[in-house]
Amino acid sequence: MDNIKPRFTILVVDDEPVNVELLEAYLHSEHEVITAFNGFEAIENAHNKKPDLILLDIMMPDINGFEVCKVLKSSKDTAHIPIIMVTALSNRDDRARAIEVGTDDFLSKPVDRLSLKTRVNSLLRLKALQDEILRERDQAQNYLDVAGVMFLVLDNEKHVKLINKKGCEILGYTEDEVIGKNWVDHFIPAYLRDEVNKRLSELITSSLPSNTLVEDACLTSQGTEKIIRWNNVVLRDTAGNIIGTLSSGEDITDAKKAESLINIQKIAMDAATDGLSILNEKAELVYANEAHAKMYGYNSPSELLGKTWDMMYDPFDYEIFKTQCLPELLQKGKWTGENRGKKKNGTLFFQEVSLTRLDNGGTVCIVRDITSRKEAENRLQEYARNLKRSNELKDLFIDIMSHDILNPAGVARGFTEILQSTETDQDKLHKLGIVEKSISKILDTITSAANLARLESVDEIEFIELDLNSMILEAIDAYKYEILAAGLKIEYQESGPYYAKANPLISGVVTNLLSNALKYGSKGGKIRIKVADSSEEWKVMLTDFGDGISDVEKPSVFQRFKRLNVGDIQGHGLGLAIVKRTVDLHGGRVGVEDNPDATGTQFWFTVKKSLVDPV
C-alpha cells in the first residue's frame, strides 16, 4: 500500500481538441486529467479545481497562453501551480516572453511522449516538495496565529519577514501589506524612528542584551498609535551569525489609557470644586480632596482622614439624616438631597449631598456648598412675588383702560359724530374731525394694547379646524368701505377652502395685515392676497404696491410701538406686534420682504394645515 504512487491532477489547455485528446492519452494512466479549450476556461478551472500542473498551449484565439500564464502567476491562489508551455513556436523572443510571464518549462509540438512524462514528473516532484514546505510553514504560522501576542521577524535591514495574525489585527493591515516593508520607516511614528532604529541596530550587533522589555508606539492603518510592550531576541543561522530579530509584542494601549485615566481622575478629584470624600465601612474618611476640607473649614484633607463622618454635622441634622436619609441609601445604594453641614468653627451652611454605596461597604460622598444658591432662591422667590404683584397691577390697569376709559371715550366719539352731522361751520367741522380722529386713535390704541397684553399673558391656546379662505373673505368684506374710499382693487383668486389647525385669533392676523396694507399701500392701486401650499403649512401673503419699507426698518417692524416712517400716516405700532405674538402662539412663522414684482411690501405668515377636513 505504501508504494502506491499518488495520482496528480493535470490541466491540459489547447484550442485544438485533437491535441487535448493526445496529451490526455499520454497521461491518463498515471494522472487525473482535466481539460480546457480556451484561455478563459483555463483560468476558471485553475482557480476552481486547483490542478497540480498545467500544460498550456500558447496560440489560442481569445487570450493567448502568455496572458493566461501571467494572470495565474499573479494570483496568490494559483501562483504555486507549475506551468509547462506547449508550443510550436521556437523564436527566442517568444521563449523569453514565456519566461518573463512565469512559465516553469517548455515542450515543443509535436509533443514527444517520453519528454512529456519526464518533464511532467520532474515538476510534480518539485511541486510535492514545495507543497510539503508550504504545509510546514502554514502549520508554524498557525501556531503563531493562535498566540495572543504579536510575533514579528525582521531581517538585519529591519524589513518584515514574518508577522502573525494577531500582529495584523493590531496594526489593521493584511499580511501582504506588511511583509517586505521596512518596519521602522512604515510602522513607527516619525518622532520615535531614530530611537527604535538605534535600539534594533544595537540588538543586531549584540551591544544590547536580548530579552529586554521595551515599550514603543507603532502606527496602525488608520494612522492611530498603539502602545506595544516588546520582548526582543536575535535570530542566528547554523553558523551562529545574527540574521535578524524575533520580537513578541503585547498590545498595552488600553492598559496605558486606563492607567492614564486613573491618574487624570485622581488629578480631577483633587482639583474638583465640589467636595469629594470616600468613607470606609466604619464611616471613617479614607480620602478627601482639598475642596472638601476647605468647605468644612479645615486647612488640609489630612485633618479629616481617619475621622468619622458625623463630626461634620450638627447632632440635630445628623439625627435627621440617620432616620430619614440613611434607610434610602442602604436600600437603593444612592441618596441625593439637601441638608446642613457644620464647619470646623461650628457655623452651619446649606449643602447638596450625593451619596453612593460601594461594594465593600464604603461610601462615596460629593458635597456642594449651596448657601449662595439658597440666598439666590430666596431673592428669586421675592422677585416672583413682586412680579406676580406687577402682573396683577398690569391686569388691573388693562381692566381700567378697557372699562373706565373706553366707555367714556366711546361716548365722546358718539357725541362728536352727532355734532359733525349738525354743524355747518367749516372751521368747526375741521376741528371736530381732529377730535374724532384723536378719539378713534385712543380707542384703537387701548383696544390693541389690551389685546396684546392678553396675548402675552398666555403661553398656550386651543386649536380647532378653521377655513382661512372664509377668514380672508370676511376681512375683505369688513374693510370694503375703506377699500372703495381708497380706490383700491383687491386681487384674490378664491380657490379654497384652506383648512388650518388654528385658533380664531388667527383672523386678527389677516385683518391687521390687510389694515396695514390699506394704510401704507394705498398709492399702489391694488393689494394682492395669495395662499400658497407649503408642505405641512399654509403660507398667506398680502402684497401692496406702495412705497415699501426700507431694509433698515424691516427687522424691527414687529416690535411693540414701532411706527413705520411713511409720510404722514399715523399708527400706534401695536398691530404688527399682535400679528407676531399670535403667529408665535400658533407655532408658525411671520415675515416681511419687498414686493417681488414691483415697489411695495409683502407681509406673510404660516399656519399649520388641518390633518382632516372638518365635516
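Read on for a plain summary of the structure. None of these values were measured; they are calculated from a predicted model.

It is worth spelling out the environment of Lys519 at this point. Its location among the elements puts Lys519 in helix H17 (residues 506–520). For Lys519 and Glu482, which are 37 residues apart along the polypeptide, the C-alpha to C-alpha distance reads 9.8 Å.

Our next topic: the sheet that holds strand S10 (residues 242–251). Strand order in this open sheet of 5 strands is S7-S6-S10-S9-S8, and the pairing throughout is antiparallel. Both edges of this open sheet fall to strand S7 (160–163) and strand S8 (212–219), since each of them pairs with a single strand only. Strand after strand, the sheet turns through a mean of 30° between neighbouring axes, direction not considered. The sheet contact formed by strand S6 (residues 150–155) and S7 spans 3 bridges and is antiparallel. Within S7, the residue paired with Leu154 across the bridge is Val160. Here helix H9 (residues 193–204) sits on the sheet and contacts S6, S8, strand S9 (225–236) and S10; the angle it forms with S10, its principal contact strand, is near 130°.

Let's shift gears to a nonpolar patch on the surface. Taken together, Leu380, Tyr383 and Leu387 make up a surface patch of nonpolar side chains, about 330 Å² in accessible area. Take Leu380: it is sitting in helix H13 (residues 371–422).

Pairing within the open sheet is mixed, and its 5 strands lie in the order S17-S19-S20-S22-S21. Looking at which strands have only one partner, the edges of the open sheet turn out to be strand S17 (489–492) and strand S21 (590–594). Taking the axes of each pair of neighbouring strands and ignoring which way they run, one obtains an average angle of 20° across the sheet. Of the strand pairs in this sheet, strand S19 (residues 526–534) and strand S20 (residues 537–544) are connected by 8 bridges, and their pairing is antiparallel. Following the sheet pairing, Val531 is matched in S20 by Val540. Sheet contacts for helix H15 (residues 468–478): S17, S19, S20 and strand S22 (601–608); angle to S17, the most-contacted strand, approximately 175°.

Counting residues in each nonpolar core, the largest one holds 36 residues, and the members touching the most others are Leu468, Ile472, Leu513, Phe558, Phe603 and Phe605. Among the elements of the structure, H15, strand S18 (499–502), H17, S19, S20, helix H18 (575–585), S21 and S22 are those that each provide at least two residues to this core. By residue number, the principal contributor to this core is H17, which donates 7 residues. Among all residues touching Ile472, those that are not within four sequence positions of it are Tyr492, Val510, Ile529, Val531 and Val540. Ala36, Ile63, Leu72 and Ile81 belong to the second largest nonpolar core, which has 22 residues in total.

At a minimum axis distance of 9 Å, the contact between H17 and H18 shows a crossing angle of 150°. On the basis of their axis angle, the class for H17 and H18 is roughly antiparallel. Two packed elements cross with a definite hand, and for H17 against H18 that hand is left-handed. Along its contact with H17, which presents Ile506, Val509, Asn512, Leu513 and Asn516, the element H18 presents Gly575, Leu576, Ile578, Val579, Thr582 and Val583.

Take the pattern of salt bridges next. Going through the model one piece at a time under the given rule, you end up with 31 salt bridges. The salt bridge partner of Glu215 is Arg229, with a shortest N-O separation of 3.3 Å. You can see Glu215 sitting in strand S8 and its partner Arg229 sitting in strand S9, a full 14 residues away along the chain. Overall, Glu215 belongs to the partly exposed group, its relative accessible area being 38%. Note that Glu537 is salt-bridged to Arg589, the shortest N-O span being 2.8 Å. In this pair, Glu537 sits in strand S20 while Arg589 sits in the loop between H18 and S21, placing the two residues 52 residues apart along the sequence. For Glu537, a relative accessible area of 15% puts it in the buried group. One network of salt bridges, with partners in common, ties together Glu338, Glu352, Arg373, Lys374 and Glu377.

Scoring rules and cut-offs
Residues numbered from 1 in each chain as written. Predicted model: local features only at pLDDT ≥ 70, side-chain atom pairs only at ≥ 80, totals over all residues. Heavy atoms only, no water. Helix = DSSP H or I, 4+ residues; strand = E, 2+ residues; numbered from the N terminus. Pairing = 2+ DSSP bridges. Axes fitted to C-alpha atoms, helices over the stretch in contact; angles between N-to-C directions. Contact = heavy atoms within 4.5 Å. Patch = residues over 30% accessible without salt bridge, like charges linked within 9 Å, V, L, I, M, F, W, Y side chains within 5 Å. Areas by Shrake-Rupley, 256 points an atom, 1.4 Å probe, with all protein chains shown as cover. Salt bridge = Lys/Arg side-chain N within 4 Å of Asp/Glu carboxyl O. Core = buried A, V, L, I, M, F, W, Y, C linked by side-chain atoms within 4.5 Å. Buried < 20%, exposed > 50% of the residue type's maximum accessible area, 1.4 Å probe, protein only. Parallel < 35°, antiparallel > 145°, perpendicular 65-115°, else oblique. Left-handed = near helix turned anticlockwise from the far one by under 90°.

Worth remembering: the numbers are spatial, not functional.
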